[in-house]
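Here's the letter readout for the chains.
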Amino acid sequence: MVHAVEGFEFNADFSRNKWNPTDFVMVKGPRWSCVRSWRQEDDHIVQNVPDDATNEQLHGPMQDEAYVAMCYGKKIKMDKKIVCSSTMSFDDRMAPLIVIAPEFGVHTPSGAPEFREHWEIVLYDLGMNVWKHMWKNNAPDWVKFAYMNGTYQPNTRYELKVTISETAKGEHLEVECDGKVFGCFLPGLGKEFYLGIIACEGRNRFYDFKISAPNAE
């Protein structure tokens, strides 16, 4: 049984020798063949893909290799408000993101943690999206749940910040990046969940990852 954490601050600086990979769990995407890995650079982590892989390849036939996901290793307990942020950039068009996952499944036959229902808060060149990923009939399904149009530049660092607030009508999500803000409710999220990052659909760089529960007792 995984115990939830409450009333704490977590800050990972993804510079070389500044963070502890054992704080995180690598997670398999249900659409892809296996758990992939990061490459450590001086001040960030990036998908461990061949240096000569083009943007077109990573967004096309190499999407499997370009998908890398990891979450903080303990569930976070909802207590009034939780703030999660990551500084990130993309080389071409897309699509670094923050992920919220109530539970993991188990991949057969590898035994690796694998996403089931989860939420993705995605940054890309034309704005921000919230995707709800579901698990139906033992297979993945997904729908774009909310979005904001905007302009974000490649090879530029942005801080993507999500705030999950407990309300009388359920958990509410607010998304902020570079002065643009939008929000939506997250039906069925529940009171405990994992938080993490996913790189996909092109080279994505992550410079840090933070979780704060400022109102926890």
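Structure: see above.
Rules behind the numbers
Residues numbered from 1 in each chain as written. Predicted model: local features only at pLDDT ≥ 70, side-chain atom pairs only at ≥ 80, totals over all residues. Heavy atoms only, no water. Helix = DSSP H or I, 4+ residues; strand = E, 2+ residues; numbered from the N terminus. Rg over C-alpha atoms; globule rule 2.2 N^0.38 Å. Buried < 20%, exposed > 50% of the residue type's maximum accessible area, 1.4 Å probe, protein only. Contact = heavy atoms within 4.5 Å. Areas by Shrake-Rupley, 256 points an atom, 1.4 Å probe, with all protein chains shown as cover. Lys, Arg positive; Asp, Glu negative; His and termini not counted. Charge placed at Lys NZ, Arg CZ, Asp CG, Glu CD. Pairing = 2+ DSSP bridges. Disulfide = S-S within 2.5 Å. Phe/Tyr/Trp six-rings, centres within 6.5 Å; stacked < 30°, edge-to-face > 60°.

(A) Representation of the overall build of the protein chain within the structure. Broken down by element type, the protein chain carries two helices and 19 strands. Here the protein chain has a C-alpha radius of gyration of 16 Å; the compact-globule value for 217 residues is 17 Å, and the two agree. Projected onto its principal axes, the C-alpha coordinates of the protein chain cover approximately 50 × 45 × 35 Å. The buried share of the protein chain, reckoned over its 217 residues, is 50%. Put simply, of all contacts in the protein chain between residues at least 6 apart along the chain, 68% involve residues at least 24 apart. Counting only carbon and sulfur atoms, one obtains 46% of the accessible surface of the protein chain, whose full area is about 10,100 Å². Here the protein chain holds 24 positive side-chain charges and 31 negative ones, and the gap between their average locations is 3 Å.

(B) Looking closely at the pairing of strand β8 (residues 94-101). By the criterion of burial, β8 is predominantly enclosed, with eight of the eight residues buried. Bridge analysis of β8 against strand β11 (residues 118-124) gives five bridges, and the strand direction is antiparallel. Bridge pairing in β11 places Leu97 opposite Val122. Sheet topology places β8 next to strand β17 (residues 192-199); five bridges connect them, and they run antiparallel. Opposite Ile100, over in β17, you have Leu195 as the bridge partner.

(C) How the structure looks around the state of the cysteines. All chains considered together, the criterion is met by zero disulfides. In this model Cys71 remains outside any disulfide bridge; the closest cysteine sulfur is found in Cys84, 9.4 Å from its own. Summary of cysteine pairing: Cys177 is not part of a disulfide, and the nearest cysteine sulfur, belonging to Cys84, is at 13 Å. Assessed through its relative accessible area of 0%, Cys177 is described here as buried.

(D) Quick peek at the packing of aromatic side chains. Applying the stated rule across the entire model yields twelve aromatic pairs. Here the aromatic rings of Phe10 and Phe24 are separated by 5.7 Å at their centres, their planes lie at 70°, and the arrangement is edge-to-face. A residue pair is termed long-range when its members are at least 10 positions apart, and Phe10 in strand β1 (residues 9-13) and Phe24 in strand β2 (residues 24-27) qualify at 14 residues. When its relative accessible area of 11% is taken as the criterion, Phe10 is described as buried.

(E) Broad picture of unusual backbone geometry. Across the junction of Met94 and Ala95, the peptide omega takes the value -5°, indicating a cis bond. Along the chain, Ala95 falls in strand β8. Not every positive phi belongs to a glycine, and Asn17 is a case in point at roughly 65°. A positive phi angle, close to 55°, is found at Asn155, a residue other than glycine. For Asn155, the position within the fold is in the loop between β13 (139-149) and β14 (158-167). You can call Asn155 exposed: its relative accessible area is 58%.

(F) Inspection of the pairing of strand β19 (residues 208-212) at higher detail. Taking burial as the measure, the five residues of β19 include four buried ones, the bulk of the element. One ladder, built from five bridges, connects β1 with β19; its direction is antiparallel. Residue pairing in the sheet places Ala12 in a bridge with Phe209 of β19. The sheet contact formed by strand β7 (residues 81-90) and β19 spans three bridges and is antiparallel. Within β19, the residue paired with Val83 across the bridge is Ser212.

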